[in-house]
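# Structural overview
This is what each chain is made of:
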Amino acid sequence: MSDGAVLHVKGRVLVGPEEVRDELWVVGGRVSYDRPAGIRDVTTVEGWALPGLVDAHCHVGLGPDGPVDAGTAEKQALTDREAGTLLIRDAGSPSDTRWVDDREDLPKIIRAGRHIARTRRYIRNYAWEIEPDELVAHVAREAERGDGWVKLVGDWIDRGLGDLAPCWPREAVEAAIAEAHRLGARVTAHCFAESSLRDLVEAGIDCIEHATGLTDDLIPLFAERGVAIVPTLVNIATFPQLAAGGDTRFPRWSAHMRRLHERRYDTVRGAYDAGIPVYVGTDAGGSLAHGLVAAEVAELVTAGIPAMDAVSATSWGARAWLGRPGLQEGAPADLVVYEGDPRADVRVLEAPRRVVLNGRVVQ
């Protein structure tokens, strides 16, 4: 497509869960539902169009050993783009990926800064590792450096206990979350276990990542406070392998991880049934591959979430939650075109027919 070209998307345009249009036009990189006058250079794409997919827990610039070089980060972002992910909430990265913002061909990123963890209580080279008296200052710094989000490590293995345990005292997270909110940032936290959740939610946290420790007694609290979860079920699938690696040294931790894995689908379905917002995130980066957004949507369906809502969790609903537009008039033309209706069968998401980013067909 030339700079003056117009893109015509026809078939079924899924503007919202129930709002379907027959066509849209892309003029100057933006969505229009009015046919432009006097057009000559038109490219037509046919199929079922969705807003560009959202991966709400992804790590561009992060590898198994910590930060990666720009070339590797670019490959990660391109892999996500090929899967139809055009908006990423980067849930913690030690790499500076601001250069991505200058690339019209790479997904848009909403950054949460770098993870903030307790000293020696997280994966080496990933996080700022600090003590509780430093938490407020670090949250303030990451709030200023991020794009409206801050990421805490809420629990991790305590080697003295041999099991998962909270990383922060209640008063520390209360002060830190209050400071983030004062600065206009939302706060999320990595949490596998049960024990840190009540303090974090009552302290005002906005989101919990993984949330495998969500129990029946905690679900009403999450629902009442409107705290979202991003289950990352494609990552939780690795728990048995992780547990096997700890059987000898940390048998209590290994058994706990297996229990969390075994009840994962019930946990997610219980949250959904209670009205807790659930969004799609893969936890790509680190040791997990990028480009797994369709697999995560399918996992939500396996957990019992209806296909329509599972699709919304990576499209209309996720974009609204993150404050980014979908396919409204005048919005940036970030969309993915499929062979069939993903609301009827989410497996359609595995094979994008066309990906349009900033108004250009990029694949």
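In case you missed it, the structure is sitting above this.
Let me sum up the structure you'll find in this document. This is a predicted model, so every value here is computed, not measured. (Residues numbered from 1 in each chain as written. Predicted model: local features only at pLDDT ≥ 70, side-chain atom pairs only at ≥ 80, totals over all residues. Heavy atoms only, no water.)

This brings us to the layout of surface pockets. Approximately 910 Å³ is the volume attributed to the largest pocket. Around the largest pocket sit 35 residues that line it, and Y122, I123, W156, F192 and L242 are the ones nearest its centre. If you list the elements that add at least two residues to the lining of the largest pocket, you get β13 (155-158), α7 (239-246) and α8 (251-262). Residues belonging to the lining of the largest pocket are distributed by class as follows: 15 nonpolar, twelve polar and eight charged. Taken as a whole, the second largest pocket holds about 240 Å³ of empty space. Lining the second largest pocket are 16 residues, with S93, S95, D96, G113 and R145 positioned closest to its centre. (1 Å grid on protein atoms, 1.4 Å probe; cavity = no way out; pocket = protein on both sides within 12 Å on 5 of 7 lines; lining within 4 Å. Points joined across faces, edges and corners; volume = space filled by probe spheres on them. Helix = DSSP H or I, 4+ residues; strand = E, 2+ residues; numbered from the N terminus. Nonpolar A, V, L, I, M, F, W, Y, C, P; charged D, E, K, R; others polar.)

Counting residues in hydrophobic clusters, the biggest one holds 77 residues, and the most contacted among them are L135, L152, I205, I208, F222 and L300. If one sorts the elements of this core by residue count, helix α3 (residues 170-182) sits on top with five residues. With residues up to four places along the chain from it excluded, the contact list for F222 reads L197, V201, I208, L214, V227, I229 and I276. Ranked by size, the runner-up nonpolar core spans 15 residues in total, among them V31, Y33, A333 and L335. (Core = buried A, V, L, I, M, F, W, Y, C linked by side-chain atoms within 4.5 Å. Buried < 20%, exposed > 50% of the residue type's maximum accessible area, 1.4 Å probe, protein only. Contact = heavy atoms within 4.5 Å.)

Residues of helix α10 (residues 293-302) that are buried include every one of V293, A294, E296, V297, E299 and L300, and no others. Taken from the residues just after α10, G304 is the one with a positive phi, measuring 110°.

Taken together, three strands build an open sheet; the order of strands is β5-β8-β9 and the sheet is parallel. Pairing within the sheet leaves two strands with one partner each, and these edge strands are β5 (53-58) and β9 (108-111). When strand polarity is set aside, the average angle formed by the axes of neighbouring strands in this sheet is 20°. Pairing of strand β8 (residues 85-90) with β9, which is carried by four bridges, proceeds in the parallel orientation. When the sheet's bridge partners are listed, D90 is paired in β9 with R111. (Pairing = 2+ DSSP bridges. Axes fitted to C-alpha atoms, helices over the stretch in contact; angles between N-to-C directions.)

This paragraph deals with the pattern of salt bridges. Close approach of charged atoms lets side chains of opposite charge pair. On inspection of all chains with the given rule, the structure shows 26 salt bridges. Between R118 and E131 there is a salt bridge whose closest N-O contact spans 3.0 Å. Taken together, the residues R118 in strand β10 (residues 116-118) and E131 in the loop between β11 (128-130) and α2 (135-145) connect sequence positions 13 residues apart. Given a relative accessible area of 21%, R118 falls into the partly exposed group. In this structure, R198 engages E202 in a salt bridge whose closest nitrogen and oxygen atoms are separated by 3.5 Å. Here R198 and its partner E202 are both found in helix α4 (residues 197-202), four residues apart, which amounts to about one turn of the helix. Judged by relative accessible area, which is 34%, R198 ranks as partly exposed. Linked through salt bridges whose partners overlap, the residues forming this network are R170, E174, R198, D199, E202 and D217. (Salt bridge = Lys/Arg side-chain N within 4 Å of Asp/Glu carboxyl O.)

With that out of the way, let us pick up the packing of α7 against α8. As a packed pair, α7 and α8 sit with axes 8 Å apart at the nearest point and diverge in direction by 170°. The orientation of α7 relative to α8 falls into the category roughly antiparallel. In the packing of α7 onto α8, the handedness of the crossing is left-handed. Contacts from F239, P240, L242, A243, A244 and G246 of α7 reach α8 at P251, W253, S254, M257, R258, L260 and H261. For the contact of α7 with α8, the per-class residue count stands at nine nonpolar, three polar and one charged. (Parallel < 35°, antiparallel > 145°, perpendicular 65-115°, else oblique. Left-handed = near helix turned anticlockwise from the far one by under 90°.)

All right, on to the packing of aromatic side chains then. Under the counting rule described, the total for this entry stands at six aromatic pairs. Centroid distance Y122 to Y126: 6.1 Å. Interplanar angle 75°. Geometry classified as edge-to-face. The ring of Y265 carries R264 above its face, with NZ or CZ at 4.2 Å from the centroid. (Phe/Tyr/Trp six-rings, centres within 6.5 Å; stacked < 30°, edge-to-face > 60°. Lys NZ or Arg CZ within 6 Å of the ring centre and 35° of its normal.)

What follows concerns the environment of I276. Take I276: it is sitting in the loop between α9 (264-273) and α10. Since its relative accessible area comes to 3%, I276 is described here as buried. Once the C-alpha coordinates of I276 and V301 are considered, the two residues, 25 residues apart in sequence, prove to be 16 Å apart.

For the rest of this paragraph, the subject is the pairing of β13. Relative to strand β14 (residues 163-166), β13 is paired through four bridges, and the arrangement is antiparallel. Paired with D155 across the bridge in β14 is P166. Turn length for the β13-β14 hairpin, with the two strands adjacent in sequence and antiparallel, is four residues, and the turn residue G162 shows positive phi of about 75°.

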